[in-house]
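Listed below, chain by chain, are the residues.
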Amino acid sequence: MTDVHPRPDPVRSRPAAPWADPAPLVHAGRDELACERCGARVLVSKNSLRQTCVQWSRQAEARCVEFTTAAAVGRPAALVDGCRSLRDSIEDAVRTGRLAVQDRS
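Everything in this summary refers to the structure shown in the same document. Nothing here was measured: the structure is a model prediction, and the numbers come from that model.

### A few points about the nonpolar core
Here comes step 1: Ranked by size, the top nonpolar core spans 18 residues in total, and within it Val44, Leu86, Ile90 and Leu99 carry the most contacts.
Here comes step 2: Within the residue set of this core, elements represented by two or more residues are β2 (41-48), α2 (65-72) and α3 (84-95).
Here comes step 3: Of the residues forming this core, the biggest block, four residues, is contributed by α3.
Here comes step 4: Beyond its immediate stretch of four places on either side in the chain, Ile90 contacts Leu33, Val44, Lys46, Thr52, Val54 and Leu99.

Structure representation (structure tokens):
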């Protein structure tokens, strides 16, 4: 039986989420940093010595060796637990003063 009045797709009929276009929020409290291994550019904030926030773009994921290796075997980016090379780059940036830590306690 064909439905004469198809129901709208609930996902497609929703308005775009405010974070769908991050342009106004992109640099809010974050610094741009490139991975020393692959050059992927991400936005980073170091809120404390223990807490780091990284905002990945699709371009950065596509350039990152660890993300592309996972994608090649069918593992989605959401299941990749970050990138060790980027963590090393962030730690180096903090050590050399290129990335500020908001709260050093």
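### What to know about the packing of aromatic side chains
Here comes step 1: Counted according to the given criterion, the structure contains one aromatic pair.
Here comes step 2: Arranged with centres 4.5 Å apart and planes meeting at 55°, the rings of Trp56 and Phe67 form a pair that is tilted. In this pair, Trp56 is assigned in the loop between β3 (52-55) and α1 (58-63) and Phe67 in helix α2, connecting sequence segments eleven residues apart.
Here comes step 3: Assessed through its relative accessible area of 7%, Phe67 is described here as buried.

### Here's the deal with the pairing of β3
Here comes step 1: Direction of pairing for β2 relative to β3: antiparallel, over a ladder of four bridges. Residue pairing for β3: Leu43 is matched across the bridge by Gln55.

### Quick look at α3
The periodicity of an α-helix, 3.6 residues per turn, causes residues three or four places apart in sequence to face the same way.
Here comes step 1: Taking 1.5 Å of rise per residue, the twelve residues of α3 would be expected to cover 16 Å, and the 16 Å separating its terminal C-alpha atoms lies within 8% of that figure.
Here comes step 2: Those residues of α3 lying buried are Ser85, Leu86, Ser89, Ile90, Ala93 and Val94.
Here comes step 3: On its buried side, α3 packs onto β1 (31-34), β2, β3, α2 and β4 (101-103).
Here comes step 4: Trailing α3 by a residue or two, Gly97 shows a phi angle of about 85°, which is positive.

What counts and how
Residues numbered from 1 in each chain as written. Predicted model: local features only at pLDDT ≥ 70, side-chain atom pairs only at ≥ 80, totals over all residues. Heavy atoms only, no water. Core = buried A, V, L, I, M, F, W, Y, C linked by side-chain atoms within 4.5 Å. Buried < 20%, exposed > 50% of the residue type's maximum accessible area, 1.4 Å probe, protein only. Helix = DSSP H or I, 4+ residues; strand = E, 2+ residues; numbered from the N terminus. Contact = heavy atoms within 4.5 Å. Phe/Tyr/Trp six-rings, centres within 6.5 Å; stacked < 30°, edge-to-face > 60°. Pairing = 2+ DSSP bridges. Expected span 1.5 Å × (residues − 1).

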